[in-house]
Amino acid sequence: MKIVVVGAGAIGSLFGGLLTKNNEVVLLGRKTHVEQIKKHGLRITGKTDTVVHPEAVSNVDEVNEKPDLLMITVKSYDTKEAAEDARQVIGEETVVLSLQNGLDNISKIASVLGKDRVVAGTTTEASLFLEPGKIEHTGKGVTVIGELDGSITERVKHIIKSFNDVGFNTIVTNDIMKELWKKAIINACINPLTAIFDVKNGQILKHEMLHEIMKKVCHEGVKVAKSIGIKIEEDEMVEKTVTVIKDTAENYSSMVQSLRKKRRTEIDSINGYLVKMGRKHGVNTPVNELLIKMVKIREEMIR
Ligand SMILES: NC(=O)c1ccc[n+]([C@@H]2O[C@H](COP(=O)([O-])OP(=O)(O)OC[C@H]3O[C@@H](n4cnc5c(N)ncnc54)[C@H](OP(=O)(O)O)[C@@H]3O)[C@@H](O)[C@H]2O)c1
């Protein structure tokens, strides 16, 4: 396949990098990262240890061929701009896949590039951007991909095969929106609390009050999901969130990492989207609203 990755940061470089094994990959990323990849290749350490040599460009005008697959892997607040950039790259047959966290990426991409070409995905692969030209594959996970209408199409099967062929454990789903909501609720529970207190994920279970707040965030998230027809069970979500916290107890969430780097967080696309949908469908979300305010205060404080 010909693949273009828009947003060659941590996760985009991991997928794009390893997909070079069987595919023609172009990474579209920031200049310093691109320069290092051009000079030395992309160095991947951690769960995978390799150097790969994808084509790398820092300007969308340098992408010459229409890809079969275009992956969008920017942070959710950059999605609209990334989709605008992608507009000039895609051909009639190009499929666009998002592997991002957050609940508003698909609608943003579809509004710019058209819903029919969009396929959604979510991944628990984990990657860290170490420095330009170098990333660390910090955790192996599962990638789930599905059509927005739930059908199991040839194009989705093809993407899944290509991902599995290079070592990403990838499966199809007939309910990708439910998968995105489940991931978003887990993120909504873990990310803001760890970001506000600047702690590792495991601390949430060590403090009774944080554990209680986490359960309340989960309760609100499940109620909002149900209000828009996504059937998620609260007990199951709390249990899943606790499992993720235990499995990642020693990790700092992406929101902690963003604040430490003095960067914006994805709060608007995670808890923010829950609140927005709650308002629209008559579900109160006071705990999420408070957490958003506190994360925004932290964002302001670090500027
Ligand atoms: N990292 C993980 O382990 C992981 C796992 C699962 C899901 N995710 C999700 O995947 C998404 C990306 O996360 P990430 O950790 O990979 O973020 P990241 O390291 O910040 O990567 C995004 C990269 O895209 C660049 N970028 C932004 N707009 C661009 C554009 N228009 N054209 C080209 N490059 C552009 C960014 O540059 P600047 O830094 O200059 O803005 C950054 O280098 C997020 O939604 C995240 O929640 C991440």
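Check the entry above for the structure.
Attention in this report is confined to the structure presented alongside it.

So, how was this worked out
Residues numbered from 1 in each chain as written. Predicted model: local features only at pLDDT ≥ 70, side-chain atom pairs only at ≥ 80, totals over all residues. Heavy atoms only, no water. Near = heavy atom within 4 Å. Polar contact = N/O pair within 3.5 Å; in protein donor to acceptor, adjacent residues only side chain to side chain. Areas by Shrake-Rupley, 256 points an atom, 1.4 Å probe, with all protein chains shown as cover. Helix = DSSP H or I, 4+ residues; strand = E, 2+ residues; numbered from the N terminus. Nonpolar A, V, L, I, M, F, W, Y, C, P; charged D, E, K, R; others polar. Domains from an automatic or database assignment. Pairing = 2+ DSSP bridges. Axes fitted to C-alpha atoms, helices over the stretch in contact; angles between N-to-C directions. Buried < 20%, exposed > 50% of the residue type's maximum accessible area, 1.4 Å probe, protein only. Core = buried A, V, L, I, M, F, W, Y, C linked by side-chain atoms within 4.5 Å. Contact = heavy atoms within 4.5 Å. Phe/Tyr/Trp six-rings, centres within 6.5 Å; stacked < 30°, edge-to-face > 60°. Lys NZ or Arg CZ within 6 Å of the ring centre and 35° of its normal.

## Section: the site of the ligand
1) Next: Around the ligand, the surrounding shell holds 23 residues, and the nearest of these are Ile11, Arg30, Asn101, Ser127 and Glu266.
2) Next: Separating an oxygen atom of the ligand from a backbone N or O atom of Ala10 is a distance of 2.9 Å.
3) Next: Compared with its free state, where it exposes 880 Å², the ligand has 84% of that area covered by protein.
4) Next: Mapped onto the shell around the ligand, the elements with two or more residues apiece are helix 1 (10-19), helix 3 (79-87) and strand 9 (126-131).
5) Next: Here the shell around the ligand is built from residues that sort into seven nonpolar, eight polar and eight charged.
6) Next: Two domains each donate at least three residues to the shell around the ligand, and these are domain 1 (2-174) and domain 2 (177-302).

## Some words on the sheet that holds strand 12 (residues 169-172)
1) Next: Across the sheet, eight strands lie side by side as 5-2-1-6-7-8-11-12; this open sheet has mixed pairing. Lying at the two open borders of the sheet, with one neighbouring strand each, are strand 5 (55-57) and strand 12. Taking each pair of neighbouring strands and ignoring which way they run, the sheet shows an average axis angle of 20°.
2) Next: As judged from the three bridges shared by strand 2 (residues 24-28) and strand 5, these two strands associate in the parallel manner. Note on strand 5: the bridge partner recorded for Val26 is Glu55.

## Some thoughts on helix 11 (residues 271-280)
1) Next: For helix 11, a buried count of seven out of 10 residues is recorded, marking the element as mostly surrounded by other parts of the structure.
2) Next: Within the span of helix 11, buried status applies to Asn271, Gly272, Tyr273, Leu274, Val275, Met277 and Gly278.
3) Next: Of the residues one or two after helix 11, Gly282 is the one with positive phi, at around 70°.

## A word on the nonpolar core
1) Next: Formed by 66 residues in total, the largest nonpolar core has its most connected members in Leu70, Ile72, Leu113, Trp181, Ile185 and Ile232.
2) Next: For this core, the domains that each give at least three residues are domain 1 (2-174) and domain 2 (177-302).
3) Next: For Leu113, the residues in contact, after removing those within four places along its chain, are Ala83, Ala86, Arg87, Ile90 and Val96.
4) Next: With 30 residues, the next largest nonpolar core counts Leu19, Ile37, Ala56 and Val95 among its residues.

## Side note on the packing of aromatic side chains
1) Next: Following the criterion strictly, the structure yields four aromatic pairs and no others.
2) Next: Judged by centre distance (4.0 Å) and plane angle (15°), the rings of Phe15 and Phe168 are stacked. Of this pair, Phe15 sits in helix 1 while Phe168 is found in the loop between helix 5 (154-165) and strand 12, placing the two residues 153 residues apart along the sequence.
3) Next: For Phe15, a relative accessible area of 0% translates into the label buried.
4) Next: With a relative accessible area of 1%, Phe168 lands in the buried category.
5) Next: Relative to Tyr273, the ring of Trp181 lies with its centre 6.2 Å away and its plane at 65°, an arrangement referred to as edge-to-face. Within this pair, whereas Trp181 is found in helix 6 (residues 176-197), its partner Tyr273 is found in helix 11, the two being separated by 92 residues in sequence.
6) Next: Given a relative accessible area of 3%, Trp181 falls into the buried group.
7) Next: Ring pairs connect the aromatic residues Phe15, Phe163 and Phe168, which therefore count as one cluster.
8) Next: Sitting above the plane of the Tyr252 ring, Arg260 keeps its charged end 4.1 Å from the centroid.

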